[in-house]
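# Structure at a glance
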Amino acid sequence: MPKKLSDELFDKIIDEDNICEAYKKCLKGDGKYNPEAMKFALDEVCNLMELRQSLIDETYEFEGYIRFPVFEPKERIVDAPHFQDKIVQLAINNVLKEVYNPCFIFDSYACIDEKGTHKCVDRLSYFMRKAKWEYGDGTYVIKGDIKKFFYSIDRDVLKVLLSKKIKCKKTLRLLFKIIDSANVIDLLGMPLGNTISQICANICMNELDQFCKRKLGLKYYARYMDDFFIIVESKDKANRVLKLVKEFVEEELHLKLNKDKTKIFPLAQGLNAIGYKIYSTHRLLRNDSKKKIKRKVKAMPHLILEGKLTVEKAEQILNSWKGHAEHANSYNFIQCLLNKYDFLYLVKKKNKTVFKINVSKLEKEGDSNDFLQEQKMAYV
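This section reports on the structure supplied with the text. (Residues numbered from 1 in each chain as written. Predicted model: local features only at pLDDT ≥ 70, side-chain atom pairs only at ≥ 80, totals over all residues. Heavy atoms only, no water.)

### Quick notes on the overall build of the protein chain
Spelled out, the test is: To qualify as a helix, a DSSP run of H or I must reach at least 4 residues; to qualify as a strand, a run of E must reach at least 2; elements of each kind are numbered from the N terminus. Any residue under 20% of the maximum accessible area for its type is buried, any over 50% is exposed, and the rest in between are partly exposed; the area is computed with a 1.4 Å probe on protein chains only. Here, two residues are considered to be in contact whenever any of their heavy atoms come within 4.5 Å of each other. All accessible areas in this document rest on Shrake-Rupley with a 1.4 Å probe, and a residue is counted as covered only by the protein chains that are shown. Only four residue types enter the charge count: Lys and Arg as positive, Asp and Glu as negative, with His and the chain ends excluded. By convention, the charge on Lys lies at NZ, on Arg at CZ, on Asp at CG and on Glu at CD.
Each helix and strand in the protein chain was counted, giving 17 helices and 11 strands. Across its three principal directions, the C-alpha atoms of the protein chain cover 70 × 65 × 40 Å. Classification of the 380 residues of the protein chain by burial places 46% in the buried group. The long-range share in the protein chain, meaning contacts at least 24 apart out of those at least 6 apart in sequence, stands at 69%. Accessible surface computed for the protein chain: about 20400 Å², of which carbon and sulfur atoms make up 51%. Counting 68 positive and 54 negative side-chain charges, the protein chain places the centres of these two groups 6 Å from one another.

Right under this line is the structure:
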């Protein structure tokens, strides 16, 4: 990174347009209904000016965290920043992306613009096909996972990595203030709710990426946040590589691999990752994904008839899942859902088909007490 850009980072963060853009991002979706957001919006111009000035004067103070649980994709505790702290973090994130995204390897797919789960899965499918053609039936896969990743990040290691790239002292002081704010939660880790936690995690794991690609020369390597995937020509090579990776992760990053989730297996077995069961020839939906959508569909009639779920929201849930399912060989499973639940049907909308719910059939079936009794279950 040119020295000039490094020196100007803080000016980019506190730029009025950048602060305003960060504020608008905070208001997207349900963010504008946050009580703190509504209070801030009562005099948004003055509040934004005061917030910006506090950054310029370096009198800005982090207000702490709001703790709450989330249950998707699994149960976790989230520590989210207050509204004005979220604006500051988004402003920082806008600038850090420009600095770090060009430095990340091509095959890093989490929390990076124009990347994501589906592109990662497409790349893994390509790797599996090419590796099988190149190495034959003896091909092996390493699937690695960092144990309690966000909760285990060593903040001192992170600070050293940030200091390598960022030479702007004001920017570092601001970043370290936010990083150190996690001391009230635990001695290790970055809060899941912090906006900058994602890019900080990528900065940390980029060290592993560079080690695997540059030092070990691994051709078939990809990573999605703390999950990494390596395809090699033999089981012996897989064992040697995994040993080197484990040593690097522990010694350089002060992290640990999850023993239960880190595995070595033949490529022919298929790779169970990122929501799919991936083979060199095709990919399938994971069983837990299919079970989850079946539970949701079964509960929908009861919830809709009792006014606990709107038809629009139910259709949104179904079509969001369908968007995920269509990246796998899921035609037969979708047809099974349609055959089993006759209140569901598909309609063509623009260039795609979407789920719709036939409300009249719900009402007709809902007249039966037996039907309602069957449907009374938790919506999870």
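### So, helix H9 (residues 155-165)
What counts is decided by this rule: As used in this structure description, the phrase polar contact means that two N or O atoms lie within 3.5 Å; if the pair is within protein, one of them must be able to donate a hydrogen and the other to accept it, and residues adjacent in sequence are counted only when both atoms belong to side chains.
Taken together, the buried positions of H9 are occupied by Arg155, Val157, Leu158, Lys159, Leu161 and Leu162. On the buried face of H9, the contacting elements are helix H6 (83-100), helix H10 (169-180), helix H11 (195-215) and helix H12 (235-252). The N-cap of H9, judged by a side-chain oxygen 2.9 Å from the amide nitrogen of Asp156 a few residues on, is Asp154.

### Some words on the packing of H9 against H11
Put simply, the rule is: Lines fitted to the C-alpha atoms define the axes, with helices restricted to the stretch that makes contact. Angles between their N-to-C directions range from 0 to 180 degrees. For this classification, under 35 degrees means roughly parallel, over 145 means roughly antiparallel, 65 to 115 means roughly perpendicular, and everything else is oblique. Residues were grouped as follows: Ala, Val, Leu, Ile, Met, Phe, Trp, Tyr, Cys and Pro as nonpolar; Asp, Glu, Lys and Arg as charged; and all remaining residues, including Gly, as polar.
Where H9 contacts H11, the axes come no closer than 10 Å and their chain directions differ by 85°. One finds that H9 runs roughly perpendicular with respect to H11. In this structure, H9 contributes Leu158, Leu161, Leu162 and Lys164 to the contact, and H11 contributes Cys200, Ile203, Cys204 and Glu207. Class assignment for the residues of the contact of H9 with H11 results in 6 nonpolar, no polar and 2 charged.

### Examining the pattern of salt bridges
Convention followed: Any carboxyl oxygen of Asp or Glu that lies within 4 Å of a side-chain nitrogen of Lys or Arg is treated as forming a salt bridge with it.
If you walk through the whole model with that rule in mind, you get 16 salt bridges. With a closest N to O distance of 3.9 Å, Glu16 and Arg52 form a salt bridge. Here Glu16, found in helix H3 (residues 16-26), pairs with Arg52, found in helix H5 (residues 44-57); they are 36 residues apart in sequence, far enough to count as distant. Overall, the relative accessible area of 24% leaves Arg52 in the partly exposed class. Among the salt bridges present, the one from Arg286 reaches Asp288, with a minimum N-O distance of 3.8 Å. Residue Asp288 is classed as partly exposed on the basis of its relative accessible area, which comes to 45%.

### Some details on the nonpolar core
Buried together is how nonpolar side chains tend to be arranged in soluble globular proteins. Here is the rule we go by: Residues grouped as a nonpolar core are buried Ala, Val, Leu, Ile, Met, Phe, Trp, Tyr and Cys residues, joined through side-chain atoms within 4.5 Å.
Counting residues in each nonpolar core, the largest one holds 76 residues, and the members touching the most others are Ile87, Leu208 and Ile230. Beyond its immediate stretch of four places on either side in the chain, Ile87 contacts Ile19, Ala22, Tyr23, Cys26, Phe40, Leu48 and Leu51. Formed by 44 residues, the second largest nonpolar core is a distinct cluster that contains Phe127, Tyr220, Ala273 and Tyr276.

### Considering a positive patch on the surface
As a reminder of what qualifies: Nonpolar side chains (Val, Leu, Ile, Met, Phe, Trp, Tyr) are joined into patches within 5 Å and like charges within 9 Å, using only residues with over 30% relative accessible area and no salt bridge.
There is a patch of like positive charges on the surface, built from Lys291, Lys294, Arg295, Lys298 and Lys340. Of the residues forming the positive patch, the biggest block, 4 residues, is contributed by helix H13 (residues 287-305).

### Points about the pairing of strand S3 (residues 140-145)
Condition: Should DSSP find at least two bridges between two strands, the strands are regarded as paired.
With respect to burial, S3 is a largely interior element, 5 of its 6 residues being buried. Note: S3 against strand S5 (residues 227-232), 6 bridges, orientation antiparallel. Within the sheet, the bridge partner assigned to Asp145 lies in S5 and is Asp227. In this structure, S3 lies alongside strand S6 (residues 263-266), joined through 4 bridges in antiparallel fashion. Its bridge partner being in S6, Val141 is matched across the sheet by Phe265.

### Concerning the side chain of Ser197
For Ser197, the location among the structural elements is in helix H11. Overall, Ser197 belongs to the buried group, its relative accessible area being 0%. Those residues in contact with Ser197 that lie beyond four places of it in its chain are Phe150, Met190 and Pro191.

### Digging into the sheet that holds strand S4 (residues 220-224)
Judged by pairing direction, the sheet is antiparallel, and its 4 strands sit side by side in the order S4-S5-S3-S6 without closing on themselves. Of all the strands in the sheet, just S4 and S6 have a single pairing partner and so form its edges. Each strand axis lies, on average, 15° off the axis of its neighbour in the sheet, ignoring direction. Relative to S5, S4 runs antiparallel, the two sharing 5 bridges. If you follow Tyr220 over to S5, its bridge partner there is Ile231.

### Notes on H5
Note the threshold: One less than the residue count of a helix, multiplied by 1.5 Å, gives the span that helix is expected to have. Directions pointing from the helix axis toward each C-beta atom define the arc.
Along its 14 residues, H5 runs 20 Å from first to last C-alpha, staying within 8% of the 20 Å computed at 1.5 Å per residue. For H5, the full list of buried residues reads Leu48, Leu51, Ser54 and Leu55. For H5, the arc enclosing every buried residue in end-on projection is 125°, short of the 170-degree limit, so these residues lie on one face. Turned more than 90 degrees away from the buried face of H5 sit Val45, Met49 and Glu50, all of them exposed. Next to the buried residues of H5 lie helix H2 (9-13), H3, helix H4 (35-41), H6 and H10. Of the residues flanking the end of H5, it is Glu58, one or two places downstream, whose phi is positive at about 60°.

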